[in-house]
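# Structure at a glance
The chain contents come next:
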Amino acid sequence: VFNINDFNTFEDILAGLDDFVARCPSGASCTLEDIGDTVEGRPIRLLKITKPGDRKIVWFDSAIHAREWLAPATNLKLLDVIISQQDSNAVSLFNKYDFYFVIIMNPDGYVYSWQDSDTRLWRKNRSPNVGSSCVGTDLNRNYDANWLSDGTSTNPCSFTYGGTSAASEKETQAAQNYLRSIGSRVLSLTSIHTTAEMILIPYGHTDDNGECVIPADHQKQMSAANAFADAIENTFSTSWKRGTACLTIYPASGATMDYAYDKAGITYAFTPELRGPGFDPPASAIQLSFQEVWNGVVATIAKIEELE
Ligand code: 0X9
Ligand code: ZN
């Protein structure tokens, strides 16, 4: 049974999405759309909460890395606060923007991470690799954004295996095509991961001299990231790093966020690395994570409005 205050199986999350649609606020439309499917035949399901008019989109995705269970759990709470329309910030944000949520970007990997204790820490998708007994590609290294340049492996047994070509994976193709189709309407994209307590912005790659590449929009992106991270820190007096992925966590190319910025024209693309501890925090971390991230989202959107 779906429980917003606990970690949920893929099946329960799909049922939970149906419940959310049934609770759509009055005057709004809540629509499910499958942007693609996986090698094992599971849907990559998008929930759109919209109102009529020419409105910008606020996008949240999670669980491209299967084992990072706090990410979809936090994302479901963001979806809940928007659909419930009980919070004054949620009301004013939904007066202006449409909200799009993909809770599970990597369904096959997520299901595998629930199978048993041996598979709990699975990260990649579950597509077979020709000529190898090792399964899966790291979808956050597979995007057509400086693919294979940094922090990735050509060994199918590696947990950062980048795939046979840019966007070789069905999940990547689905996300890329969809993001390009809506990119000009997206105010911000937040691709949620765990666990390093950081707000990352583009880019992840380095240049020929091994220097981290800094985007043209860095100043704006950095002030939005600072607003995000400061609001998180102020929630529970914690400390969060912020900055480009390459400088702040490590060089890594071919990620969702970098594709969103570089190829889909989304200026404000963030990767929060949520609180820990580790990949198995207690369920009590879900509400804490939500509270701090929600404060961050409200603050960063206010900052983006100021910058644009
Ligand atoms: O390595 C990753 O994919 C992310 N860290 S995680 O521990 N969740 O695996 C960081 C992604 C950095 N983002 C970009 N390179 N754009
Ligand atoms: Zn991750």
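These figures come from a predicted structure and were not determined experimentally.

## A short note on the overall build of the protein chain
- When you go through the protein chain residue by residue, the secondary structure sums to 9 helices and 8 strands.
- Expected size for 308 residues packed as a compact globule is a radius of gyration near 19 Å; at 18 Å, the protein chain falls within 12% of this value.
- Over its C-alpha atoms, taken along the principal directions, the protein chain stretches across nearly 55 × 45 × 40 Å.
- Considering only residue pairs separated by 6 or more positions, the protein chain has 74% of its internal contacts joining residues 24 or more positions apart.

## Structural notes on the sheet that holds strand β7 (residues 241-244)
- Spatially, the 8 strands line up as an open sheet ordered β1-β2-β4-β3-β5-β8-β6-β7, and their pairing is mixed. At either margin of the open sheet sits one strand with a lone partner, and together these are β1 (29-37) and β7. When the angles between neighbouring strand axes are averaged without regard to direction, this sheet yields 20°.
- Bridge count between strand β3 (residues 57-62) and strand β4 (residues 98-102): 5 bridges; the pairing is parallel. By the bridge assignment for β4, Val 58 is matched with Phe 99.
- This element, helix α9 (residues 284-307), spans β3, β5 (186-194) and β8 (269-274) of the sheet and lies at about 155° to β5.

## Details of the nonpolar core
- Leu 78, Ile 82, Phe 228, Ala 260, Ala 269 and Phe 270 are the most contacted members of the largest nonpolar core, which totals 86 residues.
- When residues of this core are assigned to their parent elements, the largest contribution, 10 residues, is made by α9.
- Beyond its immediate stretch of four places on either side in the chain, Leu 78 contacts Phe 60, Phe 290, Val 293, Trp 294 and Val 297.

## Re the pairing of strand β2 (residues 43-50)
- Strand direction decides the pairing type here: β1 and β2, joined by 8 bridges, are antiparallel. What sits directly across from Asp 37, in β2, is Pro 43.
- The turn linking β1 back onto β2 is made up of 5 residues, and Gly 41 within it adopts a positive phi angle of 90°.

## Digging into unusual backbone geometry
- Going from Pro 202 to Tyr 203, the amide bond is cis rather than trans, its omega being 0°.
- If you trace the backbone, Tyr 203 turns up in the loop between β6 (198-201) and α6 (218-236).
- Residue Gly 276 is joined to Pro 277 through a cis peptide bond whose omega torsion reads 0°.
- In this fold, Pro 277 is placed in the loop between β8 and α9.
- Located in the positive-phi region is Ala 167, a residue other than glycine, with phi close to 60°.
- By secondary structure assignment, the location of Ala 167 is in the loop between α4 (107-113) and α5 (170-182).
- Look at Ala 167 and you get buried, because 21 C-beta atoms sit within 10 Å.
- For Ser 237, which is not glycine, the phi dihedral falls at a positive 50°.
- Looking at where Ser 237 falls in the secondary structure, it is placed in the loop between α6 and β7.

## A closer look at helix α2 (residues 70-84)
- With 15 residues, α2 should cover 21 Å at 1.5 Å per step; its first-to-last C-alpha distance of 21 Å lies within 8% of that length.
- Burial within α2 is extensive, with 12 of its 15 residues counted as buried.

## So, the site of ligand 1
- Around ligand 1, a shell composed of 14 residues is seen, among which His 193, Gly 204, Ala 245, Ala 252 and Ala 255 lie nearest.
- Of all the secondary structure elements, the ones that give two or more residues to the shell around ligand 1 are α8 (256-262) and β8.

## Structural notes on the pairing of β8
- Where burial is concerned, most of β8 is hidden: 6 out of the 6 residues are buried.
- Residues Ala 269, Thr 271 and Glu 273 of β8 are buried on one face, and the alternating residues Phe 270, Pro 272 and Leu 274, pointing to the opposite face, are buried as well.
- Across 4 bridges, the pairing between β5 and β8 is parallel. Within β8, the position partnered with Leu 189 by the bridge is Ala 269.
- In the sheet, β6 pairs with β8 via 3 bridges, with the strands oriented antiparallel. Across the sheet, Leu 200 pairs through a bridge with Thr 271, a residue of β8.

## Let's talk about the packing of α2 against α9
- At a closest axis distance of 9 Å, the pairing of α2 and α9 adopts a crossing angle of 60°. By the angle class used here, α2 and α9 are oblique. In the crossing of α2 with α9, the sense of the turn from one axis to the other is right-handed. Between α2, through Leu 70, Ala 73, Thr 74, Lys 77, Leu 78 and Val 81, and α9, the contact on the second element is made entirely by Ala 285, Ile 286, Ser 289, Phe 290, Val 293, Trp 294 and Val 297.
- In terms of residue class, the contact of α2 with α9 is built from 10 nonpolar, 2 polar and 1 charged.

The rules we used
Residues numbered from 1 in each chain as written. Chains lettered and ligands numbered in written order. Predicted model: local features only at pLDDT ≥ 70, side-chain atom pairs only at ≥ 80, totals over all residues. Helix = DSSP H or I, 4+ residues; strand = E, 2+ residues; numbered from the N terminus. Rg over C-alpha atoms; globule rule 2.2 N^0.38 Å. Contact = placed C-beta atoms within 7 Å. Pairing = 2+ DSSP bridges. Axes fitted to C-alpha atoms, helices over the stretch in contact; angles between N-to-C directions. Core = buried A, V, L, I, M, F, W, Y, C linked by C-beta atoms within 7 Å. Buried ≥ 20, exposed ≤ 12 C-beta atoms within 10 Å, placed from the backbone. Expected span 1.5 Å × (residues − 1). Near = placed C-beta within 6 Å. Parallel < 35°, antiparallel > 145°, perpendicular 65-115°, else oblique. Left-handed = near helix turned anticlockwise from the far one by under 90°. Nonpolar A, V, L, I, M, F, W, Y, C, P; charged D, E, K, R; others polar.

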